[in-house]
Amino acid sequence: MNYPSWRTLELGAAITTPGNAAELKTGDWRTEFPVLDEEKCVKCGLCAIYCPEFCIHEDDTGYFRADLYYCKGCGICVHECPKDALTMQLEEK
Amino acid sequence: MAKRIGIENSLAVAEAVKLARAEVIAAYPITPQTHIVEELSQIVANGELEAEFIPVESEHSAMSAAIGASAAGARVYTATASQGLALMHEILFIASSLRLPIVMTVANRSLSGPISIWNDHSDVMAERDMGWIQVFGENGQEVFDLTIMAFRIAEDKRVLLPVAVNMDGFILTHMIESIEIEEQEKIDKFLPPYKPVLRLDPAHPISMGPVGVPEIYAEAKKQQEVALLESKAVIKEVFKEWAEQFGRAYNLIETNGPEQAEVVFITMGSLGETVMSALDLINVQGDKARQVRIRLWRPFPEEELLAALEGAKKVIVIDRAVSFGTSYGPVAGEIRSMLYKLKEQPEVYNFICGLGGRDVTRQEFKQMYELAEQGQYKDKYLIWGVREND
Ligand code: SF4
Ligand code: SF4
């Protein structure tokens, strides 16, 4: 991400493009990411409800998957999954 | 034609705010600011000023409402003093960092405790790093003029910062003076309607006051600091234009007394006029002392002060607040650090006086001059007039 200089920063650090928080790559913060075991998953969607980044979405096959651009690796989805279908895995960067 | 009338200075400030066509006034009454906002609420209620008067439940809310209204694009005024200013503390910094051109009168009053409703500068000195432009008036006319100019300075696109106009509580707020009240038509020409650069508008949504992550915060602070420092040039321009249109000339600092005098008093606020009169006493025996009166406190007019102090051997800095646990009062500390830039530095004598509304007479200024002449309290400060014994 390119940050502005003090000269080009909007007046008072205002945000003049509404919704630009979508560009913020919270995925940068992560050290671990959730891995789904499709055998165990019952497609209940609880992980998506609990995810504080709202970054888990249902795909064409009905499974719920984390968008790793935003997943910050908090592990809440793993904690909440009633079927233990999710595990955190260390990310090698 | 402008009309010259005898009027209480507080009411003249209210008149200035009316002439400036403030659109939102959010205020909570506190002595000695009360007469200003009482008068304004009446002016609004009488339909003499088309404005929203928000009688908030505290000063914290007053400044918060002022910020909201200013962010929405209104011309906003408020006034406070002492504990009220202290209660605004966290919000004051938000006003300047959001670059909102709010104008506020501070009717300077001591901070508790013990409780004191009287005048000194402890209220504004506790807030001096708030990022606002800060000016001090010495008399009613000056405060009237500065109040109108404050809007013009604050709203200038090169500035966009809030301005605090300081006036000594009671000594100025409750004094009746002969003041020239300018015509609406001329003020309208001097101060056109406020056109915000950014504002909260549902048709063009923006966010003000978002999180500043570590990658942004420092840039935001630098932007704010540069704007404050560069406002000095705009303030000078506005002062000049005021002089051209209304015939009363103001500078960032004022000097008075014989140029060759080697002892220089430095004051801020109404005591400048007492020193002016004290100089007549001191200078009977020759050109002994002169004075510098600071009108612009932030941004600090260093260049102008250094020029004015040329040739000075002894500088007597009058402070109106204690900066606890350090070596000087707030003004003297600043002056001393500035003088360090000179090869030959004058001695600094710092008298902290007029605390909690204690009178300071011209005789006392003469005594301070004599102490400085004898070299007593050189490079030290003294809390003036304190009883050592019962
Ligand atoms: S680890 Fe946290 S952020 Fe990532 S998908 Fe799970 S709940 Fe969302
Ligand atoms: S909470 Fe567990 S079981 Fe439910 S959809 Fe998410 S991964 Fe599958």
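Quantities reported herein were computed from a predicted structural model and do not represent experimental measurements.

Moving on, we get to the overall build of chain B. Looking only at helices and strands, one finds 12 helices and 15 strands in chain B. For a compact globule of 390 residues, the expected C-alpha radius of gyration is about 21 Å, and chain B comes in at 21 Å, within 12% of that figure. Along the longest, intermediate and shortest principal axes, the C-alpha atoms of chain B span 70 × 55 × 45 Å. Counting all 390 residues of chain B, 57% fall into the buried class. Across chain B, every contact between residues at least 6 apart in sequence was considered, and the portion connecting residues at least 24 apart equals 81%.

All names here are of chain B. Taking burial as the measure, the 6 residues of strand β13 (residues 314–319) include 6 buried ones, the bulk of the element. Of the two faces of β13, the one lined by Lys314, Ile316 and Ile318 and the one lined by Val315, Val317 and Asp319 are each fully buried. Relative to β13, strand β10 (residues 263–268) runs parallel, the two being bridged by 4 bridges. Counted as the bridge partner of Val263 is Lys314 from β13.

This part covers the domain arrangement of chain B. Residues and elements named next belong to chain B. By domain assignment, chain B separates into domain 1 (3–246) and domain 2 (253–383). Taken together, the contact between domain 1 and domain 2 spans 30 residues of the former and 26 residues of the latter. Here domain 1 and domain 2 share an interface that buries about 2,200 Å² over both sides, 54% of which is from carbon and sulfur atoms. The interface formed by domain 1 and domain 2 contains 5 salt bridges. A salt bridge links Lys232 to Glu304; the shortest N-O distance between them is 2.9 Å. Counting across the domain 1 and domain 2 interface gives 14 residue pairs in polar contact (both at pLDDT 80 or more). Mapped onto the side of domain 1 that touches domain 2, the elements with two or more residues apiece are α5 (122–125), β6 (133–136), α6 (140–155) and α8 (214–246). Residue composition of the side of domain 1 that touches domain 2, grouped by class: 13 nonpolar, 9 polar and 8 charged.

Looking now at the site of ligand 2. Near ligand 2 the following residues occur: Leu36, Cys41, Val42, Lys43, Cys44, Gly45, Leu46, Cys47, Phe64, Cys81, Pro82 and Leu86 of chain A. Counted by class, the shell around ligand 2 contains 10 nonpolar, 1 polar and 1 charged residues.

The next subject is the interface of chain A and chain B. Across the contact, 13 residues belong to chain A and 17 residues belong to chain B. A buried area of about 1,500 Å², summed over both sides, lies between chain A and chain B, and 74% of it is on carbon and sulfur atoms. At the surface where chain A touches chain B, the tally comes to 5 residue pairs in polar contact (both at pLDDT 80 or more). Tallied by class, residues from the side of chain A that touches chain B come to 9 nonpolar, 3 polar and 1 charged.

All names here are of chain B. Locating Gly375 in the fold gives a position in the loop between α12 (362–373) and β15 (380–383). Separated by 361 residues in sequence, Gly375 and Ala14 place their C-alpha atoms 45 Å apart. Setting aside chain neighbours within four positions, we find Gly375 in contact with Lys314 and Tyr349.

Attention now goes to helix α2 (residues 34–45) of chain B. All names here are of chain B. The end-to-end C-alpha separation of α2 is 16 Å, in line with the 16 Å expected for 12 residues at 1.5 Å each. Tucked inside the fold, the buried residues of α2 contact α1 (9–19), β2 (24–27), β3 (52–55), β4 (76–80), β5 (103–108) and β7 (163–168). Positive backbone phi, approximately 75°, marks Gly47, located one or two places after α2.

Conventions we followed
Residues numbered from 1 in each chain as written. Chains lettered and ligands numbered in written order. Predicted model: local features only at pLDDT ≥ 70, side-chain atom pairs only at ≥ 80, totals over all residues. Heavy atoms only, no water. Helix = DSSP H or I, 4+ residues; strand = E, 2+ residues; numbered from the N terminus. Rg over C-alpha atoms; globule rule 2.2 N^0.38 Å. Buried < 20%, exposed > 50% of the residue type's maximum accessible area, 1.4 Å probe, protein only. Contact = heavy atoms within 4.5 Å. Pairing = 2+ DSSP bridges. Domains from an automatic or database assignment. Buried area = accessible area lost by both parts, 1.4 Å probe. Salt bridge = Lys/Arg side-chain N within 4 Å of Asp/Glu carboxyl O. Polar contact = N/O pair within 3.5 Å; in protein donor to acceptor, adjacent residues only side chain to side chain. Nonpolar A, V, L, I, M, F, W, Y, C, P; charged D, E, K, R; others polar. Near = heavy atom within 4 Å. Expected span 1.5 Å × (residues − 1).

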